[in-house]
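Listed below are the residues making up each chain.
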Number of protein chains: 2
Amino acid sequence: MRAAPDLSVYLITDESQCRSRGRDVLDTVEAAVDGGVTCVQLRAKGADGGLFLTQVLEVAEVVGDQVPVIVNDRVDIFLAARDQGAPVAGVHLGQSDLPAHIARRLLGEAAYLGLSAATPDELRTAQEQGACDHVGIGVVHPTATKADAPKSLGVNGVARMAALTDLPAVAIGGITASDLPALRAGGLAGAAVVSAICMAEDPRSVAADLHRAWDEGGRR
Amino acid sequence: MRAAPDLSVYLITDESQCRSRGRDVLDTVEAAVDGGVTCVQLRAKGADGGLFLTQVLEVAEVVGDQVPVIVNDRVDIFLAARDQGAPVAGVHLGQSDLPAHIARRLLGEAAYLGLSAATPDELRTAQEQGACDHVGIGVVHPTATKADAPKSLGVNGVARMAALTDLPAVAIGGITASDLPALRAGGLAGAAVVSAICMAEDPRSVAADLHRAWDEGGRR
């Protein structure tokens with residue numbers, strides 16, 4: 001069986017946000033992992049495969065032995081990185097990417113697979129197919145990161161959605177540290193952030209804040 | 001060994017061009033194959049993986065037993081289609097996509113692999129690595145299809161480039177039927193077209209014209 005990674009403080013990268021703060025993705029990830037991020041998903045929608053592979057290899061080399069490194073969307077980039085010996089953990093898919101049950105066949109059983117799900121139907125299908133290891137549910141708050149993001153559910157709405165599935169669920173969408181205690185208390189397995197860290201003046205300290213806030217939810 | 005497909009009249013699809021003529025990609029491909037296209041590459045840069053896989057499966061089901069169907073860029077979409085039993089022949093990569101020698105490892109030896117090469121250095125590397133089965137060389141004429149296309153070489157320039165490699169070479173870039181006799185006489189293995197067919201009023205008759213023009217080059 002696959003090891004269940006610690007999804008609690010889950011960074012998803014956005015290269016243009018990192019660059020707007022004068023950092024590249026690797027700098028941002030290193031600082032965030034140092035601060036307490038427990039999982040890193042590299043997202044580079046529309047990027048050329050060669051550049052994306054280079055980024056995945058670089059990040060996995062630096063932090064892949066400390067936290068799971070997940071590749072967004074591109075199953076082939078994950079397979080290529082794994083083939084090159086990089087410590088990559090798995091893939092995350094959206095509903096419009098390769099179908100999860102087909103991706104699972106290409107990935108094999110050892111890779112970790114996450115799947116975004118925004119409706120009860122999508123959650124049910126995710127669980128019934130048995131292909132993915134966790135679901136991403138959102139959005140919690142309105143967000144500018146994804147132009148096509150579904151309508152916001154709020155912390156309580158996301159917690160209600162998470163209760164519909166037996167799969168570990170990670171909340172996403174405009175999340176900041178103040179949301180984490182309630183998300184954890186609401187049964188979520190983690191909280192995914194993009195701009196909170198990628199746009200931060202100090203990604204390390206924001207990651208540490210998120211980590212503390214998650215711990216606080218466990219003491220409720 | 002892999003069978004060497006007939007690359008002589010090589011269609012590369014562009015969905016927005018097809019749609020501008022009121023057709024979808026599948027309609028265009030069917031008409032073009034009926035007219036005499038010998039090879040079809042499906043290109044959908046930036047498209048979501050799920051939609052691209054659907055298109056690949058549809059096209060392969062309809063024409064995959066008549067002509068080789070090649071998937072642009074996305075090794076994972078090719079692997080997924082093959083896993084689903086679709087008659088797909090291989091993958092075409094650009095210089096900024098996954099490196100060809102890594103793609104070959106993921107594809108296995110049975111898949112056909114093409115690689116774009118625009119300089120003598122790129123041609124030499126392609127041949128030395130031994131990963132790809134043919135090279136695409138261009139551009140012949142200025143073209144609006146790719147914003148980042150290299151400078152145009154003309155028919156003679158492309159033929160000179162093709163002479164630098166032992167790999168079969170397919171010319172690309174703003175090609176119309178009038179170029180084909182000279183390209184064939186110049187030693188090219190084929191001519192790839194996008195807009196000549198995708199923007200045509202009648203893709204079947206343009207494909208037939210291209211086929212005739214290629215035959216004409218063989219009688220010189």
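In what follows, the structure referred to is the one given above.
Please read these numbers as outputs of a predicted model, since none were measured by experiment.

> Let's hear about the interface of chain A and chain B: which residues, and what values?
In this assembly, 22 residues from chain A lie in contact with 21 residues from chain B. Regarding the contact of chain A and chain B, the summed buried area is about 1,700 Å², with carbon and sulfur atoms giving 57% of it. Of all residues in chain A, the largest losses of buried area upon contact with chain B belong to Asp76, Asp83 and Leu98 of chain A, amounting jointly to 26% of the total for that side. Between chain A and chain B we count 4 salt bridges in total. Of the charged contacts in the structure, one is a salt bridge between Arg105 of chain B and Asp83 of chain A, with a shortest N-O distance of 2.6 Å. With 6 residues, helix H4 (residues 75–83) of chain A is the single largest residue contributor to the side of chain A that touches chain B. Split into classes, the residues belonging to the side of chain A that touches chain B amount to 10 nonpolar, 4 polar and 8 charged.

> So what about helix H7 (residues 154–162) of chain A? Which residues, and what values?
All of the buried residues along H7 of chain A are Val155, Gly157, Val158, Ala159, Met161 and Ala162 of chain A. Tucked inside the fold, the buried residues of H7 of chain A contact helix H6 (120–129), strand E6 (134–138), strand E7 (169–172) and helix H8 (180–185) of chain A.

> If you had to explain the nonpolar core to someone new, which residues and values would you point to?
Counting 155 residues, the largest nonpolar core has Leu183 of chain A together with Leu183 of chain B as the members making the most contacts within it. If we skip the residues at most four places from it in the chain, Leu183 of chain A touches Val155, Val158, Ala171, Ile175, Leu188, Ala191 and Trp214 of chain A.

> I'd like to hear about the sheet that holds strand E3 (residues 69–72) of chain A, residue by residue, with values.
Residue and element names in this part refer to chain A. With respect to topology, 8 strands assemble into a closed barrel ordered E1-E2-E3-E4-E5-E6-E7-E8, the strand pairing being parallel. Neighbour-to-neighbour, the strand axes of this sheet turn through a mean angle of 25°, independent of strand direction. Of the strand pairs in this sheet, strand E4 (residues 90–93) and strand E5 (residues 112–116) are connected by 4 bridges, and their pairing is parallel. Looking across to E5, one finds that Gly90 is bridged to Tyr112. Running over the sheet, H4 touches E3 and E4 and is turned about 170° from E4. Sheet contacts for H7: E6 and E7; angle to E6, the most-contacted strand, approximately 150°.

> Hey, could you go over the relation of the copies chain A and chain B for me, with residue numbers and the actual values?
Overlaying chain A with chain B gives an RMSD of 0.0 Å, the required rotation being 180° about an axis along which the chain moves by 0.0 Å. Taken together, the rotation and translation relating the two chain copies correspond to the operation of a two-fold axis. Most of the interface of chain A is mirrored in chain B, where 95% of its interface residues are also at the interface.

> Account for the side chain of Asp97 of chain A, naming residues and giving values.
Along the polypeptide, Asp97 of chain A turns up in the loop between E4 and helix H5 (100–107). Of the residues examined, Asp97 of chain A reaches a relative accessible area of 3% and is grouped as buried. At 2.7 Å, the side chain of Asp97 of chain A and the backbone nitrogen of Gly94 of chain A are in polar contact. Residue contacts for Asp97 of chain A: discarding those within four places in its chain leaves Lys45 and Asp73 of chain A together with Gly49 and Gly50 of chain B.

What counts and how
- Numbers given for residues are sequential positions, taken from 1 along each chain in its written order.
- Each chain is given a letter, starting from A, and each ligand a number, starting from 1, according to the order in which they appear as written.
- A pLDDT threshold of at least 70 governs which residues receive local features in this predicted model, and a stricter bar of 80 or more applies before side-chain atom pairs are shown or counted, although totals over entire chains, interfaces and linings include all residues.
- Neither water nor hydrogens contribute to the side-chain values; these are computed over all heavy atoms in the structure.
- Should any heavy atoms of two residues lie within 4.5 Å, those residues are considered in contact.
- Here's the idea: put two parts together, see how much 1.4 Å probe accessible area each one loses, and the total over both is what we call buried area.
- The working definition used for a salt bridge is a side-chain nitrogen of Lys or Arg within 4 Å of a carboxyl oxygen of Asp or Glu.
- Helix and strand assignments follow DSSP, with helices taken as H or I runs no shorter than four residues and strands as E runs no shorter than two, numbered in order from the N terminus.
- Under this grouping Gly is polar, as are all residues other than the nonpolar Ala, Val, Leu, Ile, Met, Phe, Trp, Tyr, Cys and Pro and the charged Asp, Glu, Lys and Arg.
- Buried means the residue's accessible area, taken with a 1.4 Å probe over protein chains only, is under 20% of the maximum for its type, while exposed means over 50%, and partly exposed covers the values in between.
- Remark: nonpolar core denotes a set of buried residues (Ala, Val, Leu, Ile, Met, Phe, Trp, Tyr, Cys) joined through side-chain atoms within 4.5 Å.
- Here, strands pair whenever DSSP counts at least two bridges between them.
- Every axis in this analysis is a line fitted to C-alpha atoms, fitted for helices over the stretch in contact. Angles between the N-to-C directions lie between 0 and 180 degrees.
- The copies were overlaid with a least-squares fit restricted to C-alpha atoms from residues scoring a pLDDT of at least 70 in each copy.
- Counted as a polar contact is a pair of N or O atoms within 3.5 Å, where, for protein atoms, one must be capable of donating a hydrogen and the other of accepting one, and residues adjacent in sequence contribute only when both atoms are in side chains.

Just geometry here; none of it tells us what the structure is for.
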